[in-house]
Amino acid sequence: MVQETGKEAQYIRDAIWQYTQYVVVLLACLGAGVFIGYQLWGDAPSLRKELEQSVAEVNRLKNERADSESKIGVLTNRNEQCQKDLGDIQKQLSTCTTELRRLQSEQGLPQ
């Protein structure tokens with residue numbers, strides 16, 4: 001009976017050791033998976049580079065947009081000034097034309 005108890009105890013120790021090995025292997029695999037996953041995606045060095053490039057591109061585009069908006073503002077002001085000058089010249093031309101016709105009619109010249 002003592003020998004059976006020893007065999008049963010040995011059987012229990014072997015079972016505990018076997019399940020302990022399973023748990024250790026499982027934890028090692030899980031730890032390796034977490035480590036590899038962190039190295040590939042968690043720290044994301046490639047994504048960090050892409051982010052820096054994207055931020056630089058966005059800043060460049062913002063600067064270009066600001067430059068374009070300022071150019072549009074300058075051109076709009078110049079266009080308005082040209083339209084005003086054109087209106088003034090048309091008024092002067094109309095006045096000159098009216099004066100020319102008046103002088104021609106006073107002198108009896110054909111129009």
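Refer to the structure printed above.
Residues numbered from 1 in each chain as written. Predicted model: local features only at pLDDT ≥ 70, side-chain atom pairs only at ≥ 80, totals over all residues. Heavy atoms only, no water.

Colleague: Would you take a moment to explain the overall build of the protein chain for this structure?
Modeller: Assigned secondary structure in the protein chain consists of 2 helices and 0 strands. Taken over the C-alpha trace, the protein chain has a radius of gyration of 46 Å; the compact-globule value for 111 residues is 13 Å, which it surpasses by more than 25%. When the 111 residues of the protein chain are sorted by exposure, 3% land in the buried category. Per element, the accessible surface of the protein chain, about 10300 Å² overall, is 62% carbon and sulfur. Looking at the protein chain, you have 13 positive and 15 negative side-chain charges, and the mean spots of the two groups are 6 Å apart. (Helix = DSSP H or I, 4+ residues; strand = E, 2+ residues; numbered from the N terminus. Rg over C-alpha atoms; globule rule 2.2 N^0.38 Å. Buried < 20%, exposed > 50% of the residue type's maximum accessible area, 1.4 Å probe, protein only. Areas by Shrake-Rupley, 256 points an atom, 1.4 Å probe, with all protein chains shown as cover. Lys, Arg positive; Asp, Glu negative; His and termini not counted. Charge placed at Lys NZ, Arg CZ, Asp CG, Glu CD.)

Colleague: In this structure, what is going on with the packing of aromatic side chains? I would like to understand it.
Modeller: The relation between two aromatic rings is expressed through the spacing of the ring centres and the mutual angle of the planes. All told, the structure shown has 1 aromatic pair when counted by the stated rule. A centroid spacing of 5.8 Å and a plane angle of 75 degrees characterise the contact between Tyr19 and Tyr22, whose relative ring orientation is edge-to-face. Here the residue Tyr19 and the residue Tyr22 both occupy positions in helix H1 (residues 2-42), the gap between them amounting to 3 residues, near one helical turn. When its relative accessible area of 55% is taken as the criterion, Tyr19 is described as exposed. (Phe/Tyr/Trp six-rings, centres within 6.5 Å; stacked < 30°, edge-to-face > 60°.)

Colleague: Any chance you could explain the pattern of salt bridges here in plain terms?
Modeller: Here the idea is simple: oppositely charged side chains can pair when their charged atoms come close. Evaluated as defined, the whole model comprises 4 salt bridges. Close ionic contact of Glu64 with Arg60 constitutes a salt bridge, the shortest N to O distance being 2.3 Å. Of the two residues, Glu64 and Arg60 are both situated in helix H2 (residues 45-107); the distance of 4 residues between them amounts to about one turn of the helix. A relative accessible area of 39% places Glu64 in the partly exposed class. The partly exposed category is assigned to Arg60, whose relative accessible area is 38%. A salt bridge links Glu99 to Arg102, with the shortest nitrogen-to-oxygen separation between them at 2.3 Å. Linking Glu99 with Arg102, this pair stays in helix H2, spanning 3 residues, or about one helical turn. Note on Glu99: relative accessible area 35%, which makes it partly exposed. The class for Arg102 is partly exposed, based on a relative accessible area of 37%. Sharing partners across several salt bridges, the network here consists of Glu57, Arg60 and Glu64. (Salt bridge = Lys/Arg side-chain N within 4 Å of Asp/Glu carboxyl O.)

Colleague: Teacher, can you tell me more about H2 here?
Modeller: If you check H2, its first and last C-alpha atoms are 91 Å apart, about what 63 residues at 1.5 Å a residue would give, namely 93 Å. Directly after H2, the chain includes Gly108, whose backbone phi takes a positive value near 75 degrees. (Expected span 1.5 Å × (residues − 1).)

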